[in-house]
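# Reading the structure
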Amino acid sequence: MKSEQDIESLEKLIGQLKALHAEVSLLSRKSPSDAVNAFKLKLINKCLAFGNEVLGENYKPFDDFNAFDSDDVPSNSDVTMVIAQYLEEAERYRSDNVMMSNGWYYYKLGGEKSSIRSAPPTWSKK
């Protein structure tokens, strides 16, 4: 990561993905094959576009996927699966950009420790 704005963007993305995943997962449990409505699909695609921008080519989950086609409306389970992949890659990106110092985790900026604290990387919990 190069700037504090990169960190803020990543944190925002992770929050949005978690919220979307929780909401669509509930719908998916009730009606996995039901189509996502146009309003939700617009918001989901907006979040995915933001995700593609933040994650870049190195962390984007799928090379050939950018957003859902509004003419070929996806099911709740399709959306849940894709959001889960974006969430996993966002977390991998975050984990690759944190470091421990004096018992605390911090984001790295330009490869160096920043003053911005972070949660532990997910690989440390395994």
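On a predicted model such as this, the values are computed, not experimentally measured, just so you know. (Residues numbered from 1 in each chain as written. Predicted model: local features only at pLDDT ≥ 70, side-chain atom pairs only at ≥ 80, totals over all residues. Heavy atoms only, no water.)

Once that is clear, we can look at the sheet that holds strand β1 (residues 98–101). Spatially, 3 strands are ordered β1-β2-β3 in an open sheet, and the strand pairing comes out antiparallel. The sheet is open, and its two borders are formed by β1 and β3 (112–118), each paired with just one other strand. Taken pair by pair, the neighbouring strands of this sheet meet at an average axis angle of 50°, ignoring direction. (Pairing = 2+ DSSP bridges. Helix = DSSP H or I, 4+ residues; strand = E, 2+ residues; numbered from the N terminus. Axes fitted to C-alpha atoms, helices over the stretch in contact; angles between N-to-C directions.)

Moving on, we come to the pairing of strand β2 (residues 104–109). Relative to β2, β1 runs antiparallel, the two being bridged by 4 bridges. Within the sheet, the bridge partner assigned to Met99 lies in β2 and is Tyr106. Between β1 and β2, which follow one another and run antiparallel, lie 2 residues, and Asn102 among them has a positive phi close to 55°. Inspection of the sheet shows β2 paired to β3 by 4 bridges, in the antiparallel sense. Counterpart to Lys108 in the pairing with β3 is Lys113. What sits between β2 and β3 in their antiparallel hairpin is a turn of 2 residues, with Gly110 showing a positive phi close to 60°.

Our focus in this paragraph is the pattern of salt bridges. Proximity of charged atoms lets side chains of opposite charge pair with each other. Applying the stated criterion to the full structure yields 2 salt bridges. Here Arg92 and Glu89 are joined by a salt bridge, their closest N and O atoms 2.7 Å apart. A residue pair is termed a helical-turn pair when its members lie 3 or 4 positions apart in one helix, as Arg92 and Glu89 do in helix α3 (residues 76–96) at 3 residues. For Glu89, a relative accessible area of 16% translates into the label buried. Across the salt bridge formed by Glu91 and Arg94, the nearest N and O atoms sit 2.6 Å from each other. Residue Glu91 and its partner Arg94 are located together in helix α3, separated by 3 residues, close to a single helical turn. Taken individually, Glu91 and Arg94 each receive the classification buried, so the pair is uniform in this respect. (Salt bridge = Lys/Arg side-chain N within 4 Å of Asp/Glu carboxyl O. Buried < 20%, exposed > 50% of the residue type's maximum accessible area, 1.4 Å probe, protein only.)

Of note, Ser28 is situated in helix α1 (residues 4–30). Taking the C-alpha atoms as reference points, Ser28 and Pro120, 92 residues apart in sequence, are found 30 Å from one another. In this view, Ser28 contacts Asn76, Ser77 and Thr80; residues no more than four positions away in its chain are not counted. (Contact = heavy atoms within 4.5 Å.)

Here α1 contains 27 residues, and its C-alpha end-to-end distance of 40 Å stays within 8% of the 39 Å for a straight helix at 1.5 Å per residue. All of the buried residues along α1 are Ile7, Ser9, Leu10, Leu13, Ile14, Leu17, Leu20, Val24, Ser25 and Ser28. Buried residues belonging to α1 abut α2 (38–59), α3, β2 and β3. (Expected span 1.5 Å × (residues − 1).)

Next up on the list: the packing of α2 against α3. Two elements in contact, α2 and α3, have axes separated by 10 Å at closest approach and are oriented at 40°. The angle between α2 and α3 places the two elements in the oblique class. α3 is crossed by α2, and the crossing has left-handed handedness. Here Ile44, Leu48, Gly51, Asn52, Val54, Leu55, Asn58 and Tyr59 of α2 lie close against α3, whose contacting residues are Val79, Val82, Ile83, Tyr86, Glu89, Ala90, Arg92, Tyr93 and Asp96. Broken down by class, the residue content of the contact of α2 with α3 amounts to 11 nonpolar, 3 polar and 3 charged. (Parallel < 35°, antiparallel > 145°, perpendicular 65-115°, else oblique. Left-handed = near helix turned anticlockwise from the far one by under 90°. Nonpolar A, V, L, I, M, F, W, Y, C, P; charged D, E, K, R; others polar.)

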